[in-house]
Amino acid sequence: MRHYFDHASISPCRPQAQAAMQSALECFGDPARGHQEALQVRLLIEEAREKVADFFGTVPRSVVFTSGATEAITTVVKGATKRGSHQVTTAIEHSALNKRLEKSPEIRVSKVGVDAQATVEPPALLAAVEDETAVVHLQLCNHELGTCQAVAEAAEACRSKGVWLHTDAAQATGHMQFSFDDLEVDFMSVSAAKMGGPPGVGALLVRRGQRLDPLFVGGDQERARRAGLENFVGIVGFGAACDFLSQKLDGSHLTGATQLSLEISEQEAFSAQVSGSFRSLDGLELLGHPSNRASHISCFHIADVEPQAVVMQLDRLGFATHSGSACSSEADEPSPVLEALGLDGHHSLRISVGWNTTQASVDALLAAVPEVLAGLRSLKNG
């Protein structure tokens, strides 16, 4: 039996999304055309847009469908250059953002540091703003540590200086309660794959009145904000996942409870069990903020054992876990997030739960990790 603990990278596709996509596969036609087949596809896209907008607490016209959060982030980075030559980021943003900035010679970048709990202080962001600053980037929640940031406060401060605020909310989606309109950010990047939707689809949410040049040009799809034939099957799956999470729980004792709130409560309980158990083990230290964190991520620094060996041993026992950053692991690069905390960028073990995590899987993991650590230490010391 396999036990999946890598939801921070990608979540298994929910049955509701799979069913919706299977139905959508029976449709065809370019939604930009005017015939019946095309209009049927257009209807599917706009129905999905409404569901996504409702889930993220905004209006449908704010939703621009993309291939994922990476494309949405890149659209903001490139589109903001018309407003100014300077952008502000943090040391712990996803590589989809920071590597894009590093490879954009036309952009001057200021990178703001973090404290020992990976928290970014809004005044530090504002101190980095210059006359030529176009946009400030601040994650809603970190992809490795789960630490959450004061995005709404930062957005208000940026607005007072006439600077855009963009938040990467990919990791928060499906694991936190938040509203795009309530955050009052200018742009937000999200991914369907993090919440049990299909891979290869996401969205850029755009505050009313803001304008960006499209990253892809050609046709007038997405109200001329993103050219190219829409991935309507993936979009339908994205909408179905959002719709399912938005459903009210019949008979719940919690007023206004939704499927999302139920899953968040379950994930918090599982994460608490993992962090409580692992912190009692020698050589493991929970990273990130102790309380201001997303529901699903627990990341540990391992002092005396190679984390990749732990991951490999757990995989042989049927557990999918992760070490370091998902975006840097293939190149065997150290985690820039850990290095920003002054730690060895190769020495972390990340456990992330999700919508299909069970108590039985958590119990099995808690029993397996101490045995794996003991076995590896025995080999090292023997």
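Summary of the structure given here. Note that the coordinates shown come from a computational prediction; the quantities given were computed from them, not determined experimentally. (Residues numbered from 1 in each chain as written. Predicted model: local features only at pLDDT ≥ 70, side-chain atom pairs only at ≥ 80, totals over all residues. Heavy atoms only, no water.)

## A few points about the environment of Leu 376
As for its placement among the helices and strands, Leu 376 is situated in helix H13 (residues 359–381). On the accessibility criterion, Leu 376 (13% relative accessible area) is buried. For the pair Leu 376 and Ser 352, spaced 24 residues apart in sequence, the C-alpha separation works out to 22 Å. Residues in contact with Leu 376, not counting those within four places in the same chain, are Val 305, Ala 309, Val 310 and Gln 313. (Helix = DSSP H or I, 4+ residues; strand = E, 2+ residues; numbered from the N terminus. Buried < 20%, exposed > 50% of the residue type's maximum accessible area, 1.4 Å probe, protein only. Contact = heavy atoms within 4.5 Å.)

## Thoughts on the layout of surface pockets
Estimates place the volume of the largest pocket at around 370 Å³. Lining the largest pocket are 23 residues; nearest its centre among them are Ala 69, Thr 70, His 94, Ser 191 and Lys 194. When residues of the lining of the largest pocket are assigned to their parent elements, the largest contribution, three residues, is made by helix H3 (residues 69–79). Here the lining of the largest pocket is composed, by residue class, of ten nonpolar, ten polar and three charged. For the second largest pocket, the calculated volume is near 320 Å³. Taken together, 22 residues make up the lining of the second largest pocket; nearest its centre are Val 64, Val 206, Gln 210, Arg 211 and Arg 225. Taken together, the residues of the lining of the second largest pocket sort by class into eight nonpolar, five polar and nine charged. (1 Å grid on protein atoms, 1.4 Å probe; cavity = no way out; pocket = protein on both sides within 12 Å on 5 of 7 lines; lining within 4 Å. Points joined across faces, edges and corners; volume = space filled by probe spheres on them. Nonpolar A, V, L, I, M, F, W, Y, C, P; charged D, E, K, R; others polar.)

## Some details on the packing of H3 against helix H4 (residues 95–102)
Following both chains from N to C, one finds H3 and H4 inclined at 35°, their axes separated by 9 Å at the closest point. You can see that H3 and H4 cross each other, and the crossing is right-handed. On H4, the residues touching Thr 70, Ile 73, Thr 74 and Val 77 of H3 are Ala 96, Leu 97, Arg 100 and Leu 101. A per-class count over the contact of H3 with H4 returns five nonpolar, two polar and one charged. (Axes fitted to C-alpha atoms, helices over the stretch in contact; angles between N-to-C directions. Left-handed = near helix turned anticlockwise from the far one by under 90°.)

## Here's the deal with the sheet that holds strand S8 (residues 202–206)
Read from one edge of the open sheet, seven strands run S2-S8-S7-S6-S5-S3-S4, paired in mixed fashion. Looking at the sheet topology across the chains shown, the edges are occupied by strand S2 (63–66) and strand S4 (108–112). Strand-to-strand twist in this sheet, taken as the mean axis angle between neighbours without regard to direction, amounts to 20°. For strand S5 (residues 133–137) and strand S6 (residues 164–168), the ladder comprises three bridges, and the chain directions are parallel. Bridge pairing links His 137 to His 166 in S6. (Pairing = 2+ DSSP bridges.)

## Some remarks on the sheet that holds strand S10 (residues 297–302)
Overall, antiparallel pairing links the three strands, which are arranged S9-S10-S12 in an open sheet. Two strands close off the open sheet at either side, each with one partner strand: strand S9 (284–286) and strand S12 (348–352). Each strand axis lies, on average, 30° off the axis of its neighbour in the sheet, ignoring direction.

## Examining the nonpolar core
Membership of the largest hydrophobic core comes to 66 residues, with the highest contact counts inside it found for Phe 56, Leu 125, Leu 165, Phe 178, Met 188 and Phe 238. Considering every element that reaches this core, the biggest residue donor is helix H9 (residues 232–246), with nine residues. Contact partners of Met 188, with chain neighbours within four places excluded, come to Phe 56, His 166, Thr 167, Ala 169, Phe 178, Phe 180, Leu 183, Ala 203, Leu 204 and Leu 205. One finds Val 305, Leu 365, Leu 366 and Leu 376 within the second-largest nonpolar core, a separate group that totals 25 residues. (Core = buried A, V, L, I, M, F, W, Y, C linked by side-chain atoms within 4.5 Å.)

## Some remarks on the pairing of S12
The side chains of a regular strand alternate, first on one face of the sheet and then on the other. In terms of burial, S12 is a largely internal element, five of the five residues being buried. By the alternation rule, side chains of S12 split into Ser 348, Arg 350 and Ser 352 and Leu 349 and Ile 351, which are all buried. Bridging between S10 and S12 involves five bridges; their strand directions are antiparallel. When the bridges of S12 are listed, Phe 300 appears paired with Leu 349.

## Some remarks on helix H1 (residues 15–24)
Because each turn of an α-helix spans 3.6 residues, side chains separated by three or four positions in sequence point in the same direction. Taken together, the buried positions of H1 are Ala 17, Ala 20, Met 21 and Ala 24. Summarising the axial view, the buried residues of H1 lie within an arc of 100°, below the 170-degree limit, and thus occupy one face. Among the structural elements, helix H2 (36–55) and H9 are those in contact with the buried residues of H1. (Arc of directions from axis to C-beta.)

## Topic: helix H11 (residues 307–316)
Restricting attention to buried positions, one finds in H11 the residues Pro 307, Val 310, Val 311 and Leu 314. All buried residues of H11 project into a common sector of 100° when viewed along the axis, lining one side.

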